[in-house]
Amino acid sequence: MKIKVFVTPKRNVLDPQGAAVGHALESLGLRGLKSARVGKVIELDVDGPDTPQFRAQLDKLCRDLLSNPVIEDYHYEIAGH
Amino acid sequence: MNIAVLQFPGSNCDQDAFQLFASGLGLPTRYVWHKDTRLGEADLVVLPGGFAYGDYLRCGAIARFSPVMGAVREYARKGGLVLGICNGFQILCEAGLLPGALIRNSSLEYRCMTCELAVEDAGPAFNPGTLGARIRLPIGHGEGNFRIDEAGRAGLEANRQVILRYLDNPNGSLDGIAGVRSEAGNVFGMMPHPDRAFERFHPSRDGLSVARAVLAARFPDLIRKSA
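So, here is what we can say about the structure in this document. Just so it is clear, the model here is predicted, and its values are computed rather than measured. (Residues numbered from 1 in each chain as written. Chains lettered and ligands numbered in written order. Predicted model: local features only at pLDDT ≥ 70, side-chain atom pairs only at ≥ 80, totals over all residues.)

Our focus in this paragraph is the sheet that holds strand 2 (residues 40-45) of chain A. All names here are of chain A. Read from one edge to the other, the open sheet built from 3 strands follows the order 2-1-3, with strand pairing classed as antiparallel. Two strands close off the open sheet at either side, each with one partner strand: strand 2 and strand 3 (72-79). Across the sheet, the mean angle separating the axes of adjacent strands is 20° when strand polarity is ignored. The strands touched by helix 2 (residues 52-66) are strand 1 (2-9), strand 2 and strand 3; relative to strand 3, the strand with the most contacts, the crossing angle is about 140°. (Pairing = 2+ DSSP bridges. Helix = DSSP H or I, 4+ residues; strand = E, 2+ residues; numbered from the N terminus. Axes fitted to C-alpha atoms, helices over the stretch in contact; angles between N-to-C directions. Contact = placed C-beta atoms within 7 Å.)

Following this line, the structure appears as structure tokens:
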């Protein structure tokens with residue numbers, strides 16, 4: 001199954017990269033920009049069934065490694081079922 | 001006295017940290033490779049600066065899962081002294097051994113300069129009385145912008161866990177925080193480099209007193225001797 005993990009800076013955490021990208025978008029003519037946040041996408045391809053146990057393991061891995069809960073939120077999408 | 005300096009793939013201040021303790025303070029110092037699962041006898045464990053594991057994912061995110069970090073966690077839990085400098089500070093935050101996190105500098109620039117720092121009253125060893133109210137240490141980092149949530153921030157202040165603050169904030173850190181200690185007082189982390197401030201040709205020699213103050217958290221005689 002194909003998994004996409006999205007990691008984004010928490011809403012209340014300063015995002016210097018997002019702010020810089022936002023300024024660049026405005027200088028390129030984007031109007032009405034209210035917010036720009038820069039995160040990352042991690043794509044995984046895993047053999048095996050999508051079970052509650054697997055999701056629990058994936059959540060743990062997201063919290064322990066793929067995101068830092070102090071500054072980031074995550075969510076994921078599982079495709080192929 | 002026995003100082004252990006950890007080496008991760010991508011550490012590049014390991015020799016600086018080694019020399020701070022070995023030549024600066026004249027203490028027996030050795031390296032511990034990241035694949036070692038044991039620290040051996042150590043009175044202080046130092047996590048040096050650099051770019052461990054290329055800083056992939058986030059600074060310190062992968063290093064915290066190095067085999068040696070299990071031993072560091074256990075060592076810290078028993079009250080052992082730990083010092084993280086720059087990337088070492090980032091690793092300790094990722095590992096949950098210190099509160100908060102370090103994100104991209106607000107300027108988005110890598111900052112390499114000597115900083116004036118206010119010494120906070122953070123305990124019997126780490127305070128303006130033993131270190132002086134102001135010290136100067138070099139920094140060199142792109143991700144030194146300290147962040148913590150409101151509850152964490154209140155906890156840091158209430159427990160006097162902030163050890164150093166920038167006078168002229170170079171990276172956007174919350175409240176100018178440059179270094180913190182654990183609540184128990186045995187784990188220290190700082191973005192500035194005491195390991196680049198001990199030789200005559202360095203911009204200051206304040207790194208020596210910082211190294212002594214960290215050691216004095218467990219060996220108070222060190223401060224008395226140097227005072």
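Looking now at unusual backbone geometry. Positive phi values are uncommon outside glycine, yet B:L108 reaches one of about 65°. Positionally, B:L108 belongs in the loop between strand 5 (101-103) and strand 6 (111-119).

Let us look at the interface of chain A and chain B. In this assembly, 9 residues from chain A lie in contact with 13 residues from chain B. For the side of chain A that touches chain B, the element with the most residues is helix 1 (residues 16-27) of chain A, which contributes 3 residues. Residue composition of the side of chain A that touches chain B, by class: 7 nonpolar, 2 polar and no charged. (Nonpolar A, V, L, I, M, F, W, Y, C, P; charged D, E, K, R; others polar.)

All names here are of chain B. One can describe the packing of helix 1 (residues 14-24) onto helix 6 (residues 206-216) by two numbers: an axis separation of 11 Å at closest approach and a directional angle of 85°. Taken together, the axes of helix 1 and helix 6 lie roughly perpendicular to each other. Counted together, L20, F21 and G24 of helix 1 and G207, L208 and A211 of helix 6 form the full contact between these two elements. Residue composition of the contact of helix 1 with helix 6, by class: 4 nonpolar, 2 polar and no charged. (Parallel < 35°, antiparallel > 145°, perpendicular 65-115°, else oblique.)

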